[in-house]
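Coordinate analysis (summary)
Spelled out, the chains give:
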Amino acid sequence: MNQDSPVLFSRHGALAVATLNLPGALNALNLQMIELLAAQLDAWVADDEVAAVWIDGSGDKALCAGGDVVALYRESTVYGETPDYSYTTSFFSSEYRLDYRIHTYPKPIVVWGGGIVMGGGIGIMAGASHRIVTETTRMAMPEITIGLFPDVGGSWFLNRMPGRLGLFLGLTDVQFTGSDALFAGLADRLLPAADARKVLGSVAALPFGANVEQNHQLVTDCLRELEMPRDRWPIQKLRARYEMIQQLTDAATLPEVCRGITGYRGDDEWLQRAAATLAGGSPLTPWIVWEQLRQGRGLPLADIFRMELVLAVNLCASGHFREGVRALLIDKDRQPRWQPDNLWEIQTAQVDACFVPPWPENPLRDLAGC
């Protein structure tokens, strides 16, 4: 494949490799990348000579820093404008279909999550059968800063984190390490960043056969042998603050939870940043996070992605996403002018409207009810 392609594909024996190839953009996913990767995964699952898949990112800075929010910004709606749902529906339905494909892929998928892994990068990583992080991994769900919500299956994996950790992460945009990802259930193994090529070679050299379950076990055993010793793991920010996070979120309503987090007055700078981000973020996003976790609890994975597609398209049409991206990435004034400008003025009807499909049929209606 052309080395200028935004996704590179190669073969190492029975191991097929996909490399996200926009290092200058931290491998942020655009629609072309999503479509290329989805088509290749479909081809590999039908190829008997492919036993396992490896996904990584070009460069050493990121697996993937998220989606192409600038393109989404151009196609989203300003406050009060009549929305056009066509591009956002196409983008998010393609992205979520890819994420769902990874979650349900029968062959082993190994994702090397070194460097920045955020937004759409977490979507690719969360559903893989073998999720590798390193001492360089930096993860976050920064959607509150741009008026979106923790999507790409967030309603699924945030609900499965210990205690109210998922709620806290969805509300605050805090960054966490690879060892934190293990604690939160977003990763399976922590390996040295410098060993990426060595690990790929070790997986490629495995004696794969026709039995898919045995192939999964081969990969698991291989990665376990290569894992970094625990005494070299990065500091676990989430585990160290777990009890405090439970205290700050110990409330029955969203306003009380938000008061608990933003009211933090301790000397922990990490928690201070979490409080400041929530206080300055989109006033609509916390309500969406609260409700998506409530409604998503117990839903099959396919229904999760159908619900999130509705939310993503509606939030891009609400004006909040456009204003958040403008302030953070376009004008870079970091002074979003939210309408309304605080979560106390958000009306229940405004939240409920975000869960109403804007089309007669959901574009993901064909996903199986896994």
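Above this note sits the structure.
Note that the structure is predicted; figures quoted are calculated from it, not measured.

**Notes on the layout of surface pockets**
The calculated volume of the largest pocket comes to roughly 990 Å³. As for the largest pocket, its lining consists of 40 residues, and the residues nearest its centre are Pro142, Thr145, Ile146, Leu328 and Leu329. Examining the composition of the lining of the largest pocket, we find that four residues originate from one element, helix α16 (residues 320-330), more than from any other. Split by residue class, the lining of the largest pocket holds 22 nonpolar, eleven polar and seven charged.

**With respect to the sheet that holds strand β6 (residues 116-118)**
A sheet is described by the order of its strands in space; here four strands give the open sequence β4-β6-β8-β9, paired in mixed fashion. The open sheet has two edge strands, β4 (62-64) and β9 (176-177), and neither has a second partner. Sheet analysis places strand β8 (residues 138-140) next to β9, joined by two bridges and oriented antiparallel. Looking at β9, one finds that Met139 is bridged to Phe176.

**Digging into α16**
When you tally the buried positions in α16, you get eight out of eleven residues, the bulk of the element. Those residues of α16 that sit buried are His320, Phe321, Arg322, Glu323, Gly324, Val325, Arg326 and Ala327. In this structure, the buried residues of α16 make contact with α2 (69-75), α15 (301-316) and α17 (348-353). Note on α16: the residue one or two positions beyond its end, Lys332, has a positive phi of about 55 degrees.

**Focus on the pairing of strand β3 (residues 52-57)**
With respect to burial, β3 is a largely interior element, six of its six residues being buried. Bridge count between strand β2 (residues 15-20) and β3: six bridges; the pairing is parallel. Note that in β3 the partner of Val17 across the bridge is Trp54. For β3 and strand β5 (residues 109-113), the ladder comprises three bridges, and the chain directions are parallel. Across the sheet, Trp54 pairs through a bridge with Val110, a residue of β5.

**Observations concerning the environment of Val7**
Tracing the sequence through the fold places Val7 in strand β1 (residues 7-12). What makes Val7 buried here is its relative accessible area of 0%. Along the primary structure Val7 and Leu31 are separated by 24 residues, whereas in three dimensions their C-alpha atoms are 11 Å apart.

**Digging into the packing of aromatic side chains**
The final tally for this structure, using the stated rule, is nine aromatic pairs. Seen in terms of ring centroids, Tyr96 and Phe305 are 5.9 Å apart; in terms of plane orientation they differ by 40 degrees. Their pairing is tilted. On the criterion of sequence distance, the pair formed by Tyr96 in helix α3 (residues 86-103) and Phe305 in helix α15 is long-range, its members being 209 residues apart. For the pair Tyr96 and Phe305, one class covers both residues: buried. Taken together through their ring pairs, the aromatic side chains of Tyr87, Phe91, Phe92, Tyr96, Tyr100 and Phe305 make up a single cluster. Directly above the ring of Trp156 sits Arg160, whose terminal nitrogen or CZ lies 3.5 Å from the centroid. If you follow Arg322 out to its NZ or CZ, it ends over the ring of Tyr73, 4.1 Å from the centre.

**A word on helix α13 (residues 269-280)**
Compared with an ideal rise of 1.5 Å per residue, which puts twelve residues at 16 Å, α13 spans 16 Å between its outermost C-alpha atoms and is within 8% of the ideal. Buried within α13 are the following residues: Trp270, Leu271, Ala274, Ala275, Thr277 and Leu278. The buried residues of α13 all sit within an arc of 165 degrees when viewed along its axis, so they share a single face. Across from the buried face of α13, at angles greater than 90 degrees, the exposed residues are Glu269, Ala276 and Ala279. Structurally, α13 contributes buried residues whose contacts are with α6 (165-172), α10 (237-240), α11 (242-248), α12 (254-262) and α14 (285-296). You can read the cap of α13 off the contacts: a side-chain oxygen lies 2.9 Å from the backbone nitrogen of Trp270, and it is on Asp268.

Thresholds applied
Residues numbered from 1 in each chain as written. Predicted model: local features only at pLDDT ≥ 70, side-chain atom pairs only at ≥ 80, totals over all residues. Heavy atoms only, no water. 1 Å grid on protein atoms, 1.4 Å probe; cavity = no way out; pocket = protein on both sides within 12 Å on 5 of 7 lines; lining within 4 Å. Points joined across faces, edges and corners; volume = space filled by probe spheres on them. Helix = DSSP H or I, 4+ residues; strand = E, 2+ residues; numbered from the N terminus. Nonpolar A, V, L, I, M, F, W, Y, C, P; charged D, E, K, R; others polar. Pairing = 2+ DSSP bridges. Buried < 20%, exposed > 50% of the residue type's maximum accessible area, 1.4 Å probe, protein only. Contact = heavy atoms within 4.5 Å. Phe/Tyr/Trp six-rings, centres within 6.5 Å; stacked < 30°, edge-to-face > 60°. Lys NZ or Arg CZ within 6 Å of the ring centre and 35° of its normal. Expected span 1.5 Å × (residues − 1). Arc of directions from axis to C-beta. Polar contact = N/O pair within 3.5 Å; in protein donor to acceptor, adjacent residues only side chain to side chain.

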